[in-house]
Amino acid sequence: MKNWIGIIAIFICSSMFAQQTNFKFDFGGSRTQEGFIPITEHSKFDRKMGYGFMDISGLKSVDRGGDALTGDYITSDKPFYFSVVIPEGNYDIRLNLGDSKGTSQTTVRVENRRLMLDDVKTKEGEVVEKIITVHIKDSILRNQEGVEIGIVKLKPRERKYLHWDNLLTIEFNDKAPKVCAIILQPNKTAKTIYLTGDSTVVDALYEPWASWGQILPYFFIPEEVAVANYAESGETLKAFEDRHRIDKIWNKIKPGDYLFIQFGHNDQKSGNSTKSGYRKRLKEWINNAKQLNVMLVLVTSMNRRVFDKNNKIVNTLDDFPDAMREIAKEENVYLIDLNAMSKTLFEAMGPENSKKAFVYYPANSYPNQPDALADDTHFNTYGAYELAKCVVKSMVDQKLPLSKFISKNYKGFDLNKPDPFEKFHWPESVFMESLKPDGN
């Protein structure tokens, strides 16, 4: 009996804590701002406590004196990760970054390397406040009363990911990341963009792989928009249904939210045709979204890196892009023609330079990589960044309602003049893997 009482007590305590949605963390030394939770270089993550650093090796607390909140900070000479147990939903995160007696340089990503802040530099003695808006998800399906009614069928590989683990994880990276404070609070008003798709959309955890979906949040105004990436490597429209990923979205999505749909690579590779269920399923999703008063955006699959003898991109996706275009017209919904845009972009890069946008690396560039990587489907972070800019460009050019929420981080984009690879900024995370994602 005593054991059962103890188990029940632990369950009640953990349930109560799991419902906490507001946090104030003061990073640094022994001095703590009133009302804030102290975080030091020794604050290793503890699930019972509900917060802490994934790895405390290399962390350093620095106290400059003066203000209790901004006069001290935590830094490291390698990327470091801070996690918090919070329920799923959208959250605004206020970050105090900088050094009251020095300079700093910080890049912030969340969950599976989802880009939020890039290369934030502070001058000598400057501490800045930056706001990011983050979507947190779990794998449980719930009804309107919050009762569990099912679960998303995760692949074994997904169980290592940082976006299905019932935590918010923030990555601090770059040459001199210095974090003074974090304030978390729910955001109930932001429009949510739900992304569906495959390995070319997913939030990829491991370097050097990346997709446009994990770069997209960087280009939106915080507090106004949250990007919820539910894509997964290897998925087809049918698999997305069978694993209940789309059911999870139907459970969460609200009127006025957005649903982006990009499928084709794996549907085509699995031997299906656009007439063997693809069109039917796509129209069913569209009809369901319309009934829920959701804004729909169809996205044609980008091209693979396959050139002909005239240095022109070859279509390897059969009629799947055309099917998406036709359905968008028939159903009168927005279309981002990433297939056409990527053709222009890759041809502007050319056969050799375009390798810089894909996963092309010599042997031993990454741990446990005895062979060279040469992948004409999957992108590295530079390629993902360029494709995300294509997606944003299409929103702006078409004047989609979302375009009014595009941030100043987007400064226009000419498909015929890609950004120089040499100027692309991306400090790598600690997560690296040479194994190719599912799908092709």
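Calculation criteria
Residues numbered from 1 in each chain as written. Predicted model: local features only at pLDDT ≥ 70, side-chain atom pairs only at ≥ 80, totals over all residues. Heavy atoms only, no water. pLDDT = per-residue confidence, 0-100. Contact = heavy atoms within 4.5 Å. Core = buried A, V, L, I, M, F, W, Y, C linked by side-chain atoms within 4.5 Å. Buried < 20%, exposed > 50% of the residue type's maximum accessible area, 1.4 Å probe, protein only. Helix = DSSP H or I, 4+ residues; strand = E, 2+ residues; numbered from the N terminus. Phe/Tyr/Trp six-rings, centres within 6.5 Å; stacked < 30°, edge-to-face > 60°. Expected span 1.5 Å × (residues − 1). Pairing = 2+ DSSP bridges. Axes fitted to C-alpha atoms, helices over the stretch in contact; angles between N-to-C directions. Salt bridge = Lys/Arg side-chain N within 4 Å of Asp/Glu carboxyl O. Polar contact = N/O pair within 3.5 Å; in protein donor to acceptor, adjacent residues only side chain to side chain.

### Section: the confidence of the model for the protein chain
Detailed reading of the predicted coordinates is not advisable wherever pLDDT is low. This prediction gives the protein chain a mean pLDDT of 93; 94% of its residues lie at or above 70. Residue range residues 1-18 is modelled with pLDDT below 50. Its contacts to residues more than four positions away, or to other chains, number 6 contacts.

### Digging into the nonpolar core
Core analysis: the largest hydrophobic core is formed by 58 residues, its most contacted members being W212, F220, F260 and M395. Sorting elements by how many residues they give to this core places helix α9 (residues 381-398) first, with 9 residues. Those residues in contact with F260 that lie beyond four places of it in its chain are I193, Y194, L195, T196, W212, V297, V299, I336, V391, M395 and L402.

### Thoughts on the packing of aromatic side chains
Applying the stated criterion across every chain yields a total of 26 aromatic pairs. Look at Y194 and Y230: their rings are 5.6 Å apart centre to centre, the planes differ by 40°, and that puts the pair in the tilted class. Of the two residues, Y194 sits in strand β15 (residues 191-196) while Y230 sits in the loop between β16 (225-229) and α3 (237-242), which places them 36 residues apart along the sequence. Exposure remark for Y230: the relative accessible area of 1% places this residue in the buried category. Three or more aromatic residues link up through ring pairs in this structure, and these residues are F23, F25, F27, Y51, F53, F80, F82 and F172.

### A short note on α9
Taking 1.5 Å per residue as the helical rise, α9 with its 18 residues ought to reach 26 Å, and the 26 Å between its terminal C-alpha atoms agrees with that figure. With 15 of 18 residues buried, α9 is to be regarded as a mostly interior element.

### Looking at the sheet that holds strand β19 (residues 334-336)
Taken together, 5 strands build an open sheet; the order of strands is β16-β15-β17-β18-β19 and the sheet is parallel. Sheet topology places β16 and β19 at the edges, where each strand pairs with a single neighbour. Direction aside, neighbouring strands of the sheet carry axes that sit 20° apart on average. One ladder, built from 4 bridges, connects strand β17 (residues 258-261) with strand β18 (residues 295-299); its direction is parallel.

### Brief notes about the pattern of salt bridges
For the structure shown, the criterion picks out 38 salt bridges. When the shortest N-O distance is used, the salt bridge between E331 and K283 registers 3.9 Å. Of this pair, E331 sits in helix α7 (residues 320-331) while K283 sits in helix α6 (residues 274-291), placing them 48 residues apart in sequence. Overall, K283 belongs to the partly exposed group, its relative accessible area being 28%.

### Concerning unusual backbone geometry
Cis geometry marks the peptide bond from E207 to P208, where omega comes out at 5°. On the secondary structure map, P208 appears in the loop between β15 and α2 (212-215). You will see that D318, though not glycine, has its phi angle at about 50°, which is positive. Summarising the element assignment, D318 is placed in the loop between β18 and α7.

### Describing the environment of N187
Within the secondary structure, N187 is located in the loop between β14 (178-186) and β15. Note on N187: relative accessible area 8%, which makes it buried. When the C-alpha atoms of N187 and K130 are compared, they prove to be 16 Å apart, with 57 residues separating the residues in sequence. Those residues in contact with N187 that sit more than four places away from it in its chain are N90, Y91, D92, T133 and E223. A distance of 2.9 Å separates a polar atom in the side chain of N187 from the backbone nitrogen of T189. A polar side-chain atom of N187 sits 3.1 Å from the main-chain carbonyl oxygen of E223.

### A few points about the sheet that holds strand β8 (residues 104-110)
Spatial strand order, β3-β6-β13-β8-β9: 5 strands in an open sheet with antiparallel pairing. Looking at which strands have only one partner, the edges of the open sheet turn out to be β3 (51-53) and β9 (114-122). Mean inter-strand twist for the sheet, computed between neighbouring axes without regard to direction, equals 15°. As paired elements, β8 and strand β13 (residues 167-176) share 5 bridges and run antiparallel to each other. Within the sheet, the bridge partner assigned to V110 lies in β13 and is I170.

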